[in-house]
Amino acid sequence: MKQRIIVTYTILHQTKEAERVQRMKRAVQDVEKHLLLLAGQVFASCRLGAWCFDEEKHLYLTTAPYQEEYHMFLRIGGCLQLAIDRMEDPGVPYIMSGNLGLAWIAEWVHLQDGGRLLVILGPAYLKNTPVEQSLRSLDRHGISQHLRRQYLTVLGDVPVLGFDMLRHYACILHYTCYLEGTNPVLLQENAPAAKGTEEVFRPAADKNDYQRMAACEEQLLYDLAKGVKTEGVLNYCNSEMQDFELHDALRQIKDNLIIFTGLCSRVASKNGVPLYTARATENEWIRRIEALRGFSGAGKITEGMYNAFFRQIRQEKETGDQSSAVRECRTYIQTNYMKELTLEEIARHCGYAEYYLSRKFSRETGIKLSEYIHQVRVDAAKTMLLTTSKEIQEISDDLHFGNRNHFDRVFRQRVGVSPARFREQAGQIEPFKEKP
Amino acid sequence: MKLKQLEHYRDFIEAVQSCKSDVYFNSREGDRLNLKSTLSQYLFAAACGDRNFLAQGSMECQKKEDYERLRAFMIPEQNG
């Protein structure tokens, strides 16, 4: 036993590249044997299942109970696809969170014959929050007792783990396969894999981390007030996540983000953004934060919320020479573009005569009021085309373009391509540049 | 229409996902699961282990072409 501990210690402290390669070779030779041992260990310790898939998504080994059901959960939640998309990136363990808050750990492993093996550990619930959320969903949908019982029986075998435990199992999985330590990466739920956007977990927080978090928060709010673009938002979110284990993990991260949203909103209203706009934005992002079903969307939400306030402050700074009537008018359009907007209604809201407001708007902004409404709606359409699966006709109707032809024409005039083409080519070519 | 006993119900759910409109599974207990919704898919997956659940429920598609997509999973209706 003593000898074995010394060997392990030596392996952990080897750093030279050649030695690392040797270690890798040895790990690959033994990986299948090690994985079987790991699968037994994680199941024995907390009933966490182990799954092995080949490169064609074929399952050939699992230790999980309710194999068919959990296999479906893995697919429905999008986590299997998320892991498959990472095939070209072996040697990195991922923690994924799908719908219903079921969490999974995954890693691609090299095999002796040159093939690759996807190893997944899961499912696990993070504390009790998602279970309670599931129950509330069942209540809301009036699901019968019979179906409810079956559902809860299957979910009853899912172990409830703290986030730190999940992270430890991810580290153990990686060590089993590669004989080296690493930090697992958190993948966004149901999002296509994109290199460089992951949130990497660092070791647990100590007192200095709280100080760093506070400093980071202060800096972000300072930058926001100045309208200076900053890149630290995701780092801030990661710092927040280190404190996950103390209470109800998901609730805690939501509370932190809601407080940060309130602070950003206050900074925005102090820097010229109309109070109504700042509060509307704040409420919208709080709604999105509350709708988070897993922990892994938090980084994106934080970034999106911060950028929304950043854009508003920036816009205010750029249009500071515009009259309050025009700013009020723009704010009204920005917050009501999903409704049917008429000049009469906008003028009534702003408290000016239609003709006066229309002339004033054109003079100060250089574009007609109707063109501005189109501009705001086309921006919204672009977002909807890329982030929703709504039919183009539905988007056109939602944004009150009247009919599809008109929507196509206005969109093409501003973006250069039709909405359908825009959606089809998104991500495949250079970003579209708007026509001046 | 009735569903056959499914050997791998993930194939069935994948076929449902390819359908053009909503697909419902009506259970004997009165649950109406829209199999295009994620929560319903989870519920369906959890209940499929019970053979009676499938045998006593029925499928309903909103578009005729969707019945064609799911034909392989359904028990043909008897004429007359």
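### Re the confidence of the model for chain B
Residue and element names in this part refer to chain B.
Part 1 of the reasoning: With 96% of its residues at a pLDDT of at least 70, chain B reaches an overall mean of 85.
Part 2 of the reasoning: Taken element by element, chain B is modelled with least confidence in helix α1 (residues 9–17), mean pLDDT 84, and with most confidence in strand β1 (residues 23–26), mean pLDDT 91.
Part 3 of the reasoning: Interface confidence for the predicted complex, expressed as ipTM, amounts to 0.86; the pTM equals 0.52.

### Side note on empty space enclosed by the protein
All names here are of chain A.
Part 1 of the reasoning: Per the counting criterion, the structure on display carries 2 cavities of 30 Å³ or more.
Part 2 of the reasoning: Approximately 70 Å³ is the volume found for the largest cavity.
Part 3 of the reasoning: Every residue along the wall of the largest cavity is listed here: Val273, Pro274, Thr277, Gln312, Gln315, Glu316, Arg327, Arg330, Thr331 and Gln334.
Part 4 of the reasoning: Put simply, the parts of the chain that give the lining of the largest cavity at least two residues each are α12 (298–318) and α13 (324–336).
Part 5 of the reasoning: Among the elements that take part in the lining of the largest cavity, α13 stands out by supplying 4 residues, more than any other.
Part 6 of the reasoning: Residues of the lining of the largest cavity, tallied by class, amount to 2 nonpolar, 5 polar and 3 charged.

### Side note on the interface of chain B and chain A
Part 1 of the reasoning: Of the residues lining the interface, 20 residues belong to chain B; the matching set on chain A comes to 22 residues.
Part 2 of the reasoning: In total, chain B and chain A occlude about 2,000 Å² of area from one another, counting both sides; carbon and sulfur atoms represent 67% of this.
Part 3 of the reasoning: Here chain B and chain A share 1 salt bridge between them.
Part 4 of the reasoning: Among the salt bridges present, the one from A:Arg75 reaches B:Glu14, with a minimum N-O distance of 2.4 Å.
Part 5 of the reasoning: The tally of links from chain B across to chain A stands at 3 residue pairs in polar contact (both at pLDDT 80 or more).
Part 6 of the reasoning: Residue assignment for the side of chain B that touches chain A shows that the elements contributing at least two residues are α1 and α2 (38–47) of chain B.
Part 7 of the reasoning: The leading source of residues in the side of chain B that touches chain A is α2(B), at 8 residues.
Part 8 of the reasoning: Split into classes, the residues belonging to the side of chain B that touches chain A amount to 10 nonpolar, 4 polar and 6 charged.

### Topic: unusual backbone geometry
Residues and elements named next belong to chain A.
Part 1 of the reasoning: Backbone torsion omega between glycine 122 and proline 123 reads 0°, so that peptide bond is classified as cis.
Part 2 of the reasoning: Summarising the element assignment, proline 123 is placed in strand β5 (residues 116–126).
Part 3 of the reasoning: Despite not being glycine, tyrosine 66 has its phi angle at roughly 50°, a positive value.
Part 4 of the reasoning: Here tyrosine 66 is to be found in the loop between β2 (59–62) and α3 (67–76).
Part 5 of the reasoning: You will see that histidine 400, though not glycine, has its phi angle at about 55°, which is positive.
Part 6 of the reasoning: The class for histidine 400 is partly exposed, based on a relative accessible area of 32%.

### Brief notes about the pairing of β5(A)
All names here are of chain A.
Part 1 of the reasoning: Within β5, 10 of the 11 residues are buried, which leaves it mostly tucked inside the rest of the structure.
Part 2 of the reasoning: Alignment of strand β1 (residues 50–53) against β5, held across 4 bridges, turns out to be antiparallel. Paired with phenylalanine 53 across the bridge in β5 is leucine 118.
Part 3 of the reasoning: Bridge count for strand β4 (residues 102–110) against β5 is 8 bridges, and the pairing is antiparallel. Across the sheet, residue alanine 106 finds its bridge partner in β5, namely isoleucine 120.
Part 4 of the reasoning: Linking β4 to β5, which pair antiparallel, is a turn of 5 residues; within it glycine 114 sits at a positive phi near 95°.
Part 5 of the reasoning: By the bridge criterion, 2 bridges tie β5 to strand β6 (residues 160–161) in an arrangement that is parallel. Paired with tyrosine 125 across the two strands is valine 160, which belongs to β6.

### Side note on the packing of helix α14 (residues 343–350) of chain A against helix α15 (residues 354–365) of chain A
All names here are of chain A.
Part 1 of the reasoning: Where α14 meets α15, the axes come as close as 9 Å, and the angle between the chain directions of the two elements is 90°. Viewed along their axes, α14 and α15 adopt a mutual orientation that is roughly perpendicular. Within the contact between the two elements, α14 uses Leu343, Glu344, Ile346, Ala347 and Cys350 and α15 uses Glu354, Leu357 and Ser358.
Part 2 of the reasoning: Here the contact of α14 with α15 is built from residues that sort into 5 nonpolar, 1 polar and 2 charged.

### Some remarks on the sheet that holds β1(B)
All names here are of chain B.
Part 1 of the reasoning: Strand order in the open sheet made by the 3 strands is β2-β1-β3, with antiparallel pairing throughout. At either end of the open sheet lies a strand with only one pairing partner, and these are β2 (32–34) and β3 (58–61). Pairwise comparison of adjacent strand axes, ignoring direction, gives a mean angle of 25° for this sheet.
Part 2 of the reasoning: In this sheet, β2 lies alongside β1 in antiparallel orientation, the contact comprising 3 bridges. Among the inter-strand pairings, phenylalanine 25 is bridged to a residue of β2, identified as leucine 33.

### Examining the packing of helix α6 (residues 145–156) of chain A against α2(B)
Part 1 of the reasoning: Look at α6(A) against α2(B): their axes get within 8 Å of each other, and the N-to-C directions meet at 80°. The angle between α6(A) and α2(B) falls in the class roughly perpendicular. Between α6(A), through A:Leu147, A:Gln150, A:Tyr151 and A:Val154, and α2(B), the contact on the second element is made entirely by B:Leu39, B:Tyr42, B:Leu43, B:Ala46 and B:Ala47.
Part 2 of the reasoning: Across the contact of α6(A) with α2(B), the residue classes tally to 8 nonpolar, 1 polar and no charged.

### Topic: the nonpolar core
Part 1 of the reasoning: A:Phe73, A:Trp104, A:Ile120, B:Phe12, B:Phe44 and B:Leu70 are the most contacted members of the largest nonpolar core, which totals 59 residues.
Part 2 of the reasoning: For this core, the element with the highest residue contribution is α2(B), accounting for 7 residues.
Part 3 of the reasoning: Apart from residues lying up to four places away in sequence, A:Phe73 is in contact with A:Leu102, A:Trp104, A:Val154, A:Leu155, B:Tyr42, B:Ala45 and B:Ala46.
Part 4 of the reasoning: Counting 27 residues, the second-largest nonpolar core is a separate cluster that includes A:Leu38, A:Cys46, A:Leu166 and A:Tyr178.

Rules of the game
- Residues numbered from 1 in each chain as written.
- Chains lettered and ligands numbered in written order.
- Predicted model: local features only at pLDDT ≥ 70, side-chain atom pairs only at ≥ 80, totals over all residues.
- Heavy atoms only, no water.
- pLDDT = per-residue confidence, 0-100.
- Helix = DSSP H or I, 4+ residues; strand = E, 2+ residues; numbered from the N terminus.
- 1 Å grid on protein atoms, 1.4 Å probe; cavity = no way out; pocket = protein on both sides within 12 Å on 5 of 7 lines; lining within 4 Å.
- Points joined across faces, edges and corners; volume = space filled by probe spheres on them.
- Nonpolar A, V, L, I, M, F, W, Y, C, P; charged D, E, K, R; others polar.
- Contact = heavy atoms within 4.5 Å.
- Buried area = accessible area lost by both parts, 1.4 Å probe.
- Salt bridge = Lys/Arg side-chain N within 4 Å of Asp/Glu carboxyl O.
- Polar contact = N/O pair within 3.5 Å; in protein donor to acceptor, adjacent residues only side chain to side chain.
- Buried < 20%, exposed > 50% of the residue type's maximum accessible area, 1.4 Å probe, protein only.
- Pairing = 2+ DSSP bridges.
- Axes fitted to C-alpha atoms, helices over the stretch in contact; angles between N-to-C directions.
- Parallel < 35°, antiparallel > 145°, perpendicular 65-115°, else oblique.
- Core = buried A, V, L, I, M, F, W, Y, C linked by side-chain atoms within 4.5 Å.

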